[in-house]
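# Inside the fold
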Amino acid sequence: MATAAQWIEGARPRTLPNAIAPVLAGTGAAASLDGAVWWKAVLALLVSLALIIGVNYANDYSDGIRGTDDVRVGPVRLVGQRLASPAAVRNAAMLSLGIAAIVGLVLAATTAWWLLLVGVACLAGAWFYTGGSKPYGYSGFGEIAVFVFFGLIGVLGTEFVQAERIDWAGAVLAVSVGAFSSAVLVANNLRDIPTDSQSGKVTLAVKLGDPRTRTLQLALLTVPFLGTLLLVARTPFALVGLVAIPLAVRANAPVRSGKGGLELIPALRDSGLAMLAWSALTALAISFG
């Protein structure tokens, strides 16, 4: 039986910035339109957190039963390391995704019913990333999915449920957060190139190869700071987002220095911290600018 600590580690808490950042950014965008609704922001955060925890447990389950996690470096794998039964991990994934669905239903009911279609797409994306007979995460589409779900949908959806419209600043924030979130996954998949290649999991990193994957991670970490320059048109205070540059530089350090395996774990952590810092600072800037 897995311990409580192992269940928490299995939820992959280092990925939580990917869920928090889009809600911060989307709420900042809504506030800049004088449309912030704080209880809806809290519900959007619950949806985002429940989704990413559900995704992580679903990945643990699906990768575990396929044998992809039998030889793996990095965080705890509940199924792959035989710490919990596949059924228990699958049920944890379903519970988390169910919470996201229920809270999302409240947001749709109080905003626009067509958001239910977005919710269904998010739930399907969460499960079929590594689940089903042809998981898209095994075909190199993981980074695109993260960009869409935790960037575009996460930010613009949060903005819309509060302000009931979206604008160009929200779009810049969405692209920037999506790039950050994808950078986290790129670092993760760079670390796993050897074991993914061995198990037949063809991620984008496996397709690109080690050198080009390292270049991609740097490019993705650069995008949000270009977004900062665009957001100056909304308020010059947006330049405060540049404060996160040292965090991004630190996040890329293990990648550009050629580190591999466990030595790349700080790149995941620091990419998430850079994303969180940039999103929080930029959201505050455009809210009050």
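Every residue gets a number counted from 1 within its own chain, in the order that chain's sequence is written. Side-chain atom pairs in this predicted model are given and counted only at pLDDT of 80 or more, local residue features only at pLDDT of at least 70, and totals for whole chains, interfaces and linings cover all residues. Each side-chain value is derived from all of the structure's non-hydrogen atoms; neither hydrogens nor water enter the calculation.

## Quick word on the nonpolar core
Note that soluble globular proteins tend to have their nonpolar side chains buried in a common cluster. The criterion is simple. A nonpolar core is a set of buried Ala, Val, Leu, Ile, Met, Phe, Trp, Tyr and Cys residues joined through side-chain atoms within 4.5 Å. Partly exposed describes any residue whose relative accessible area lies between the buried limit of under 20% and the exposed limit of over 50%, with all areas from a 1.4 Å probe on protein chains only and scaled to the type maximum. In terms of nonpolar packing, the biggest core is built from 27 residues, with Leu-173, Val-177, Phe-180, Leu-231 and Trp-278 touching the most fellow members. Secondary structure elements follow DSSP: runs of H or I no shorter than four residues count as helices, runs of E no shorter than two count as strands, and numbering proceeds from the N terminus. Those elements that provide at least two residues to this core are helix H2 (17-32), helix H6 (142-163), helix H7 (168-191), helix H10 (210-231), helix H11 (245-256) and helix H12 (265-288). Considering each element in turn, this core owes the most residues, 10 residues, to H7. Every residue pair with non-hydrogen atoms within 4.5 Å of one another is taken to be in contact. Among residues more than four places away in sequence, those in contact with Trp-278 are Leu-173, Ser-176, Val-177, Phe-180, Pro-224, Phe-225, Thr-228, Leu-231, Gly-241 and Ala-244.

## Let's talk about the pattern of salt bridges
Take a side-chain nitrogen of Lys or Arg and a carboxyl oxygen of Asp or Glu: if they are within 4 Å of each other, that pair is a salt bridge. Evaluation of the coordinates by the stated rule reveals 7 salt bridges. Its salt-bridge partner being Arg-14, residue Glu-9 comes within 3.7 Å of it at the nearest N-O pair. Salt-bridge contacts for Lys-201 lead to Asp-63; the nearest nitrogen and oxygen are separated by 3.4 Å. Of this pair, Lys-201 sits in the loop between helix H8 (193-199) and helix H9 (204-208) while Asp-63 sits in helix H3 (residues 38-66); the two residues are 138 residues apart in sequence, bridging distant segments of the chain. Across the pair, Asp-63 and Lys-201 agree in class, each one buried. Taken together, the shared-partner salt bridges connect Arg-250, Arg-269 and Asp-270 into one network.

## Considerations on the packing of aromatic side chains
Only rings of Phe, Tyr and Trp enter the pairing, Trp through its six-membered ring, and a pair is recorded when the two centres are within 6.5 Å. The plane angle decides the type: under 30 degrees is stacked, over 60 is edge-to-face, the rest tilted. Going through the model one piece at a time under the given rule, you end up with 6 aromatic pairs. One aromatic cluster in this structure is built from Phe-180, Phe-225 and Trp-278. Only when the NZ of Lys or the CZ of Arg is both within 6 Å of the ring centre and within 35 degrees of the ring normal is a charge said to sit over the ring. Between Lys-207 and the ring centre of Phe-141, over which it is positioned, the NZ or CZ distance is 5.6 Å.

## Some thoughts on the layout of surface pockets
Approximately 220 Å³ is the volume attributed to the second largest pocket. Secondary structure elements with two or more residues in the lining of the second largest pocket: H2, H3 and H12. With 6 residues, H2 is the single largest residue contributor to the lining of the second largest pocket. Residue composition of the lining of the second largest pocket, by class: 12 nonpolar, 3 polar and no charged. Cavities and pockets were defined on a 1 Å grid built from protein atoms only: a cavity is a group of points that admits a 1.4 Å probe but offers it no way out, a pocket is an open group of points flanked by protein on both sides within 12 Å along at least five of seven lines, and a lining residue is one with an atom within 4 Å of any such point. Grid points are joined across faces, edges and corners, and a volume is the space filled by probe spheres set on the points. Each residue gets one of three labels, nonpolar for Ala, Val, Leu, Ile, Met, Phe, Trp, Tyr, Cys and Pro, charged for Asp, Glu, Lys and Arg, and polar for the others, Gly among them.

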